[in-house]
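Each chain, letter by letter, is given below.
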Amino acid sequence: MLTDNHNRTINYLRLAVTDRCNLRCFYCMPEEGINWLSRPELMTAEEMLRVCTILVKAGIEKIRITGGEPFVRKDIMPFLTDLSKLPGLKELTITTNGVLTAPHIPDLKKLGVRSVNLSLDTLDRNRFFAITHRDELPAVLDTLDQLLHHGMEVKMNAVVMEGKNISDIIPLVQLTKDMPLSVRFIEEMPFNGGDKHYTKLQWDHVRILETIKEQFPAIEKIPDADYSTSYNYHIPGHKGTVGIIAAYTRSFCGTCNRIRITPSGTLKTCLYDNGVLNIKDLMRSSNDDTAVQAALLSALGKRAKDGWEAESKTTVHESMASIGG
Ligand code: SAM
Ligand code: SF4
């Protein structure tokens, strides 16, 4: 079992497989995009598989594939096929914007992917365009339908943003009435690739919950799963649940069980650190997996206590697309 220097279990890796994306969510990156990594800077599928193999042997049990948008990577399905066969890997999940996802759902299911996080901030086509700069809401809704049709567990993530989608909070909650999904509202974080719109958090988890309670006073707290990043709720009579993720307030650091690897192979032991080790460079300089594992374990032994401590040492201006969310 992997533990960090604060005695927290580490069993969850979020692997961002690309920084490229077919949307331009304004809270994530500028409309013109970011300075995309060149091909040699990106980890190859073989390198991603190698680091995952090392980490799973060391104690990682769950891997979430994220990005950028995972499905813009041409070799994503062969990579997922190989990854799904790793002995010791108990759970493989994906975070996607849903634009290109629908046709892959039957194959994902065959690989054993049972749960997908779908990012969707609004149900209104015009507001979707205003947020993402692309007219892709119908494709995302199709993915939602297909995921539910194929019996996948769906967590829908919506970033809550003043002036952008506040009027969507209630309609998104309303989806849980007839759909067995978890709609999760995320506090906006300052990772937008340098766009300066972010000044101060206006919608924290308390305000989001109060807004939902005004409309659904019977909403009740339900138990949160181990290591959950969301506070979870249920409205009597609804099939689905509601979650609120205090990503900016950082109230979940005490039980943080996850590490991240960026598309360029940088290990982040906290969302708010600037990267503590480049594993891709290490792997390219050594064929010795034991040495790579030792470097990874050493980095885990110097992990920040929480996001505030990590942030006090550095300032991250990166786009979330180069971190993975
Ligand atoms: N492209 C995929 C997607 O959007 O689902 C995966 C990558 S995206 C970076 C992962 C998650 O990060 C998404 O749910 C997105 O909403 C969230 N995210 C991106 N920028 C954010 C920000 N500034 N604050 C909070 N969440 C953010
Ligand atoms: Fe792309 Fe996801 Fe970032 Fe939106 S949040 S721009 S879909 S990577």
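For the structure, check the block above.
Small disclaimer: the values here were computed from a predicted structure and weren't measured.

Caption draft 1: Structural view of the overall build of the chain. Helix and strand counts for the chain come out as ten helices and 14 strands. Its C-alpha atoms give the chain a radius of gyration of 19 Å, within 12% of the compact-globule value 20 Å for 325 residues. Seen through its principal axes, the chain has C-alpha atoms that stretch 55 × 40 × 40 Å. Out of the 325 residues in the chain, the part that is buried amounts to 55%. By sequence separation, contacts in the chain at least 24 residues apart represent 71% of the contacts at least 6 residues apart. Just so you have it, the chain exposes about 14100 Å², and 52% of that area is on carbon and sulfur atoms. Side chains of the chain give 39 positive and 40 negative charges; the mean places of these two sets differ by 3 Å.

Caption draft 2: Structural detail: unusual backbone geometry. In this structure, N7 is a non-glycine residue whose phi angle is positive, near 65 degrees. Examined against the element boundaries, N7 turns out to sit in the loop between β1 (2–3) and β2 (9–10). The class for N7 is exposed, based on a relative accessible area of 64%. Non-glycine residue Y227 carries a positive phi angle of around 60 degrees. Secondary-structure assignment places Y227 in the loop between β9 (220–221) and β10 (230–234).

Caption draft 3: The site of ligand 2, seen in detail. Around ligand 2, the neighbouring residues are C21, L23, C25, C28, M29, G68, N97 and A321. Of the residues assigned to the shell around ligand 2, the class counts are six nonpolar, two polar and no charged.

Caption draft 4: Spotlight on the packing of helix α1 (residues 45–58) against helix α9 (residues 289–300). Between α1 and α9, whose axes approach to 10 Å, the crossing angle comes to 65 degrees. Accordingly, the angle class assigned to the pair α1 and α9 is roughly perpendicular. Of the two possible hands of crossing, α1 and α9 adopt the one that is right-handed. For the pair α1 and α9, the contacting residues are R50, V51, I54, L55 and A58 in the first and D289, V292, Q293 and L296 in the second. Here the residues of the contact of α1 with α9 sort into six nonpolar, one polar and two charged.

Thresholds applied
- Residues numbered from 1 in each chain as written.
- Chains lettered and ligands numbered in written order.
- Predicted model: local features only at pLDDT ≥ 70, side-chain atom pairs only at ≥ 80, totals over all residues.
- Heavy atoms only, no water.
- Helix = DSSP H or I, 4+ residues; strand = E, 2+ residues; numbered from the N terminus.
- Rg over C-alpha atoms; globule rule 2.2 N^0.38 Å.
- Buried < 20%, exposed > 50% of the residue type's maximum accessible area, 1.4 Å probe, protein only.
- Contact = heavy atoms within 4.5 Å.
- Areas by Shrake-Rupley, 256 points an atom, 1.4 Å probe, with all protein chains shown as cover.
- Lys, Arg positive; Asp, Glu negative; His and termini not counted.
- Charge placed at Lys NZ, Arg CZ, Asp CG, Glu CD.
- Near = heavy atom within 4 Å.
- Nonpolar A, V, L, I, M, F, W, Y, C, P; charged D, E, K, R; others polar.
- Axes fitted to C-alpha atoms, helices over the stretch in contact; angles between N-to-C directions.
- Parallel < 35°, antiparallel > 145°, perpendicular 65-115°, else oblique.
- Left-handed = near helix turned anticlockwise from the far one by under 90°.

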